[in-house]
Amino acid sequence: EDAVRYRLFAPGPGGQALLRRCAEAALVRLAPLLAAYVWHRQPFRLRYQPARGETPAHIGGTTLFGDNVEDEWFIVYLVREITRDFPGLAARIDDNDGEFLLIEAADFLPKWLNPENSENRVFFYKGELHIIPLSETPEQDWDLSAPCPTISEALALLSTRSEEFLAAEPIRAAVYKRIDGYPEKIQASLHRAQCYLPVAVAAVLRQRPSLVATAVQAFYLRDPADLRACRRPFQTFPAEQRVMTMVTFTRCLYAQLVQQKFVPDRRSGYTLPAPSHPQYKAHELGMKLAHGFEILCSKSSKISPDSKRNVLSGPLWERFLRSLKEKDYFKGEMEGSAKYSELLHMAEDYFQQSVTTPESSVEVSPGDEILALLQTTPIDLKEFEREAACLPPEDDDSWLDITPDALDQMLKETRNESLPSANEEEQKYDLEAVAESMKAFVSKVSTHEGAEMPWSSDESHVTFDVDSFTKALDRILGADSEELDSDDLDEEEEFGFSDEDDEDSGAGSRTQNQKVSPDELIGSLKSYMKEMDRELAQTNVGKSFTTQNKQASSVKGAPSQSAGPDCGAEDPELAPVDVDMNLVANLLESYSAQAGLAGPTSNILQSMGVYLPENTDRSGSS
């Protein structure tokens, strides 16, 4: 779970040679971005995979992103950039939810596209999103009976007719909006905080900043067996020698670490100052990180410390380092300077995680890597103490606290909805718009998959063909469907219909075998409905509706005494119901009952861009 898979194919001739060449070139091209990136679980990797079954040879990998979904969308950005820099490559990307790119653009997809037929249809090609449509003509190059094309068939179509398969502008805009802002967005996703750490942990993080993610995960996902190593004095990271240092987290890692409550065991040697202490948060963060590192080292398999560092002395590393210098990765820094050493450590970390192939290195656990670093890294306590005296200020973490209004604003911005003005005087709520929106919603088509929202007023409304409906009923009920059954006879007796009434209206002259005309049938139905309305008007249900006469009297006042004697004499209780007034009143009552929480009324109206104000009448009375 929480894994994204990415595969890059070479549709044209000479595919294998192009793939092997692009794998290394792409990672060198992306090194300035990836070297400083902190991955939540696993890094972005490109490995050559030979052809297997219906899947052609490709380069790609699978990355676990865990709780940080931004890692997944950063990979989408990377894959798109690779297809832009290397036009001969076409990329497929999906995750455990399937075609998550289509999920992001679900509001704009064509009706034929669904989860059952979307496999192998969505590609990044030449930096743009492409969707291969359903086969429409027999001349197309793939089997019409197949619900989805194979990857080879899809690649053949892309290589010859890619301009025909460019995704629609709204679909591309929805996907590109999610990755908009990279690579600048990387810095915005980081959080720098001061931590009171064991000096050995500070030294390890200086060499391998990416290990902070592994340590946070070890602490955050700990179990009782992991804490056994923390119920005694720490063997690897004792609490005696601690320094204040600056640690770079992602916002997700920082939130996981700071939000989890934890009290250290007294035997561990770690104690916390009073919560009112100005550096309480730094002590707490450092204590949690130290526990994460101690848990990792307790799981060490005691592998040879040189097994992984030998990778940095091979020809692949030398070629990679030479490529970085050609790309001006070191930004003109003098070799041996502090900034050069920092960039070099980041490049080594990135190379070991993302560039080396499984055959060229021995897979070691994070605990083994930490112990190896401790054996090869000099630790100067005095130097760390001097740096602690002039640390830069840490980042503000007020982003952890989100108010309900801020959450609503984030949701509305995600849906591209315009926000209503905060000024009460500028807010003008059109109740007619509320009623019309609900009518438009009801008039749309609904199926077992849900109801269609009336996004556009240009869409035609649903029409009702009376003749087709009548014919369909005749086919279902049979030829004798016009004859009254016993229930119908009982209803006639209940409402006082008799043969005498029929004779008075002239209907007695007709024989039973004579066919009733449609106009007479409609007239009979109207009289039947009128009798039903007359009976319901005397009940509480009928009296609960607002009629047009009541609405008019509330505006114009009582009727004039000079009105004719017949005015309103014809069934005043059967005055037409004011549909719009009742609809709006019921909606407002339902919205008020939600008490500010999410509910059916607000959800339906907000999906159509209609926002109701708070119930100031109720709040004022209370």
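Not measured: the values here are computed from a predicted model.

Undergrad: What is the right way to read the sheet that holds strand 5 (residues 122-125) from this model?
TA: Sheets are built from strands that pair by backbone hydrogen bonding, the pairs being arranged parallel or antiparallel. Pairing is antiparallel across the open sheet formed by six strands, whose spatial order is 2-3-1-4-5-6. With partners counted over all chains shown, the strands left at the sheet margins are strand 2 (47-49) and strand 6 (128-131), one partner each. With direction set aside, neighbouring strand axes in the sheet form an average angle of 30 degrees. Relative to strand 3 (residues 58-64), strand 1 (residues 3-9) runs antiparallel, the two sharing six bridges. Looking across to strand 3, one finds that Arg5 is bridged to Thr62. Those strands touched by helix 5 (residues 169-178) are strand 5 and strand 6, and its axis lies near 130 degrees from that of strand 6.

Undergrad: How do you make sense of the pattern of salt bridges when you look at a structure like this?
TA: Between side chains of opposite charge, a pair can form as their charged atoms come close. The tally for this structure, following the rule as stated, stands at 21 salt bridges. As a salt-bridge pair, Arg192 and Asp395 come within 3.7 Å of each other at their nearest N and O atoms. Highlighted residues: Arg192 in strand 7 (residues 190-198) and Asp395 in the loop between helix 15 (381-388) and helix 16 (404-414), separated in sequence by 203 residues. For the salt bridge of Asp226 with Lys299, the shortest nitrogen-to-oxygen distance reads 3.2 Å. Of this pair, Asp226 sits in the loop between helix 8 (211-220) and strand 8 (242-250) while Lys299 sits in the loop between helix 10 (280-298) and helix 11 (306-309), and the two are 73 residues apart along the sequence. Taking the relative accessible area as the measure of exposure, Asp226 reaches 10% and is therefore buried. Each of Arg5, Arg92, Asp94 and Glu99 takes part in one network of salt bridges that share partners.

Undergrad: Where do I start with the packing of aromatic side chains in this structure?
TA: To describe a pair of aromatic rings, you give the distance between the ring centres and the angle between the ring planes. Applying the stated rule across the entire model yields 13 aromatic pairs. Between Phe74 and Tyr182 the ring centres are 5.2 Å apart and the planes differ by 40 degrees, which places this aromatic pair in the tilted class. In this pair, Phe74 is assigned in helix 2 (residues 69-85) and Tyr182 in the loop between helix 5 and helix 6 (185-188), connecting sequence segments 108 residues apart. You'll find Phe74 and Tyr182 in the same group, each marked buried. A network of ring pairs unites the aromatic residues Tyr37, Trp39, Phe74, Tyr77 and Tyr182 as a single cluster. If you follow Arg20 out to its NZ or CZ, it ends over the ring of Tyr48, 3.9 Å from the centre. Here Arg222 stacks its cationic end above the ring of Phe219, 4.3 Å away from the centre of that ring.

Undergrad: Whenever I open this one, the confidence of the model for the protein chain confuses me. Can you help?
TA: Do not read the fine detail of predicted coordinates wherever pLDDT is low. In the predicted model, the protein chain carries a mean pLDDT of 78, and the fraction of residues at 70 or more is 73%. Scored below 50 in pLDDT, residues 421-426 shows three contacts in the model against residues more than four places distant or in partner chains. In the model, residues 558-570 has pLDDT below 50 throughout and makes one contact with residues more than four positions away in sequence or in other chains.

The rules we used
Residues numbered from 1 in each chain as written. Predicted model: local features only at pLDDT ≥ 70, side-chain atom pairs only at ≥ 80, totals over all residues. Heavy atoms only, no water. Pairing = 2+ DSSP bridges. Helix = DSSP H or I, 4+ residues; strand = E, 2+ residues; numbered from the N terminus. Axes fitted to C-alpha atoms, helices over the stretch in contact; angles between N-to-C directions. Contact = heavy atoms within 4.5 Å. Salt bridge = Lys/Arg side-chain N within 4 Å of Asp/Glu carboxyl O. Buried < 20%, exposed > 50% of the residue type's maximum accessible area, 1.4 Å probe, protein only. Phe/Tyr/Trp six-rings, centres within 6.5 Å; stacked < 30°, edge-to-face > 60°. Lys NZ or Arg CZ within 6 Å of the ring centre and 35° of its normal. pLDDT = per-residue confidence, 0-100.

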